[in-house]
Amino acid sequence: MRPRPLAWILLSVLCFVGTFYFWRLGDRWAAQRTAAPALLTRHPSPAVPIQLLSQAGTLNSPPPTDSPTNHASRITNRLALRLSNTTTPLSQLMRSDRAILLENALLDTAQPVPSIPDHLRAQGDPGSYLVQARGPIDDAFRSLLKAAGATIVSYIPNNAYLVRASAATAQQLKAAPQTEAVLPYEPYYKLKPSLLGLAVAQDPLPDNTALSVLLFADARDMTLVELRKLGVRVLGEERSPFGPVLKVLPPGDSLPALAGLAGVHEVELVRRRVPANDLSRVAVGVSANTVTSNNYLGLDGTGVLVNINDTGVDTNHPDLQGRVLCDVPISGVDTNGHGTHVAGIIAGNGSMSTTVSNVPGSITNFPAVAGQFRGKAPAAHLFSLLAYPETYYTNNGPDISDAYLQESAARTNAFISNNSWNYYQDSDYDLHAASYDAAVRDALPLVPGSQPVLFVFAAGDNGDGDTNGTGGVAGSVLSPATAKNVISVGALEQLRSITNQVGTNANNTLWLLRTDSSDQVAYFSSRGNVGINIEGGYDSFQGPLFGRFKPDVVAPGEFVVSTRSTGWTAGFTSDEKSIGRGLTL
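Scoring rules and cut-offs
Position labels on residues start from 1 in each chain and follow its written sequence. The predicted nature of this model means local features are confined to residues of pLDDT at least 70 and side-chain atom pairs, given and counted, to a pLDDT of 80 or more, with totals for whole chains, interfaces and linings taken over all residues. Side-chain measures were taken over the full set of non-hydrogen atoms in the model, leaving aside hydrogen atoms and water. By definition, a salt bridge exists where a carboxyl oxygen of Asp or Glu is found within 4 Å of a side-chain nitrogen of Lys or Arg. Numbering goes from the N terminus for both helices and strands, where a helix is a DSSP run of H or I of at least four residues and a strand is a run of E of at least two. Using a 1.4 Å probe on the protein chains alone, a residue whose accessible area is under 20% of its type maximum counts as buried, one over 50% counts as exposed, and one in between counts as partly exposed. Confidence scores per residue from the predictor, reported as pLDDT, run from 0 to 100. Contact definition: two residues touch when any of their heavy atoms are within 4.5 Å. Definition of a polar contact: a pair of N or O atoms within 3.5 Å, with one able to donate and the other able to accept a hydrogen when the atoms are protein atoms, and with sequence-neighbouring residues admitted only if both atoms are side-chain atoms. We call two strands paired when DSSP finds no fewer than two bridges between them. Think of each axis as a best-fit line through the C-alpha atoms, taken over the contacting stretch in the case of a helix, with angles from 0 to 180 degrees between the N-to-C directions.

Taken as a whole and judged by the stated rule, the model has 13 salt bridges. Glu237 serves as the salt-bridge partner of Arg220, at 2.8 Å between the closest nitrogen and oxygen. Taken as a pair, Arg220 in helix 8 (residues 220-229) and Glu237 in strand 9 (residues 233-238) lie far apart in primary sequence, 17 residues in all. Judged by relative accessible area, Glu237 falls into the buried class, the value being 10%. Note that Glu407 is salt-bridged to Arg239, the shortest N-O span being 2.5 Å. With relative accessibility at 12%, the residue Glu407 sits in the buried group.

Let us look at helix 12 (residues 402-411). Counted residue by residue, helix 12 has eight buried out of ten residues, so it is predominantly covered. The set of residues buried in helix 12 consists of Asp402, Ala403, Leu405, Gln406, Glu407, Ser408, Ala409 and Ala410. Positioned one or two residues after helix 12, Asn413 has a phi angle of 65°, which is positive.

Next up on the list: the confidence of the model for the chain. On average, residues of the chain score 80 in pLDDT, and 74% of them are at 70 or above. Of the regions scoring below 50 in pLDDT, residues 5-11 engages in twelve contacts with residues more than four places distant in sequence or in other chains. Between residues 13-76, whose pLDDT stays under 50, and residues either more than four places distant or in other chains, the model counts 208 contacts.

Another aspect to go through is the side chain of His432. Within the element layout of this structure, His432 appears in helix 13 (residues 431-441). A distance of 2.6 Å separates a polar atom in the side chain of His432 from a polar atom in the side chain of Asp402.

Moving on, we come to the sheet that holds strand 6 (residues 160-164). With antiparallel pairing, the four strands of this open sheet are ordered in space as 5-6-4-7. Strand pairing shows two members of the sheet lacking a second neighbour, strand 5 (151-156) and strand 7 (179-184), which therefore form its edges. Averaged over all pairs of adjacent strands, the angle between strand axes in this sheet comes to 25°, irrespective of strand direction. Against the sheet, helix 6 (residues 167-174) makes contact with strand 4 (128-133) and strand 7, and its axis sits at roughly 155° relative to strand 7, the strand it touches most.

It is worth spelling out unusual backbone geometry at this point. In this model, Gly528 is joined to Asn529 through a cis peptide bond whose omega is -5°. With respect to the helices and strands, Asn529 occurs in the loop between strand 19 (487-492) and strand 20 (553-556). Note that the residue after Lys550, namely Pro551, is joined by a cis bond; omega there is -5°. As for its placement among the helices and strands, Pro551 is situated in the loop between strand 19 and strand 20. The phi angle at Asn413 is positive, at roughly 65°, despite the residue not being glycine. Examined against the element boundaries, Asn413 turns out to sit in the loop between helix 12 and strand 16 (416-419). Of the residues examined, Asn413 reaches a relative accessible area of 48% and is grouped as partly exposed. In this structure, Asn533 takes a positive phi of about 70° despite not being glycine. Considering the arrangement of structural elements, one finds Asn533 in the loop between strand 19 and strand 20.

Further remarks concern the side chain of Asn309. Here Asn309 shows up in strand 13 (residues 305-310). In terms of polar contacts, Asn309 uses its side chain to reach the side chain of Asn307, at 3.0 Å. Once residues lying within four places of it in the same chain are set aside, the contact partners of Asn309 are Leu385, Ala387, Leu405, Ser417, Asn418, Asn419, Ser420 and Trp421.

As structure tokens, then:
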């Protein structure tokens, strides 16, 4: 464990509560652009620009944005195919020593197993089993598994493990007095709900649907051979804390067969990444007012290195110059503007503040004072990684994995990682979210000792709430912000009272209701909870499994003044406005 002084911890909180905002209209514009597909590679190359996991318009082309009604119904209907062999209420199953709780099945091991479609049932030895102890798990039960030749993969509630084992080993464990039940790990259990409906109905996958396939670590080589026999095209591979993850392009009718492979642990859709200060410093308590040059307790980021994974950071911007490090040169260029804007919120020194004029809500005696629009930690250094490049649209460069982002931050001794992006329309707790949960504890799993990194994520732009801060779509926080150990940040309005009239209607003051408060949640900010009907405790009012509370905090996220990349083109998005040389609103 590396030492982290108290000053760094305090600065971490103050610095990042205000950095994660949502550039709504620009992001939506970016999410709808299309491009040709790219091959995924196992390791990112430093010689060329970095590519993302899948391509808009070809691999997993996004559908039109869900309406709030459609999104809410998806949360409910995603569990319509969850199997159960008991009428026992879920509130009781959660406390039962004989219950096994899976995403796709609620099982009482004292009852016969429920009916599973033959094409989603293991044929022969499944190679992995759910082994439940007779009572709480202890060292004696783990020793029993080891002595029988079973390898523990993960804990399964309640009192069970998913293990790798042969059929003979499973029979041996079933006969042991310490064992309550041994069940095959069926293909039905391996599919995320977004794919399960297609598999049950034996409907083909849409054309060019790319999948993430998590393999059991001991079965990689054998499974690669079997995948090729099925006609599955392997696009790439990346490391995860749970085993190898393959990005594959399968034949449309191969989903049940793919899930049926003994070496496959889980199957889910490939998702692509989409990107998600004077007033904000006061709102989060960094400064006493908008014009003072002092920060709380004098904390200004000195000696702190912050990783920022975004569209690149303009290393030549006067507010940031000399304090931005990069993995490769292209990470120091930003033609999109998003990354540099975020970087300024984090660490801009405000040197361009005096060029600002006519910013509603800010002080009126322009020109602004020096440093007025500085970031939260104006002396911090930044380490830029290109996680969402413009070259994504031009089919240049290889993919960059979550593991690369996680490990690069840790190897560079960054304790904090800023991620103002999400996986498109992905509100699940998935492999991406799980990998960041693990990386918070140890971002270098192959290196002795723990190398923790604090990962902070934007909650997302799918809230569809009202402009008075209420309403919205529950369960709309997007992965990886659905992870348990990361800090997920929603967006607040800023009180700027912008009355500009928009469009041909003379009374259409579009921005006023979005800038009339400093303590209302922005209408677009994604709402919690996460994992509704899948996780969380029982509540007599909300019912069973009402989910897990997210986002963790909210901070100013709309109409934020920050640094403008020199490579940014005016009018790139309709939500941006030039307000001074080197600054944007």
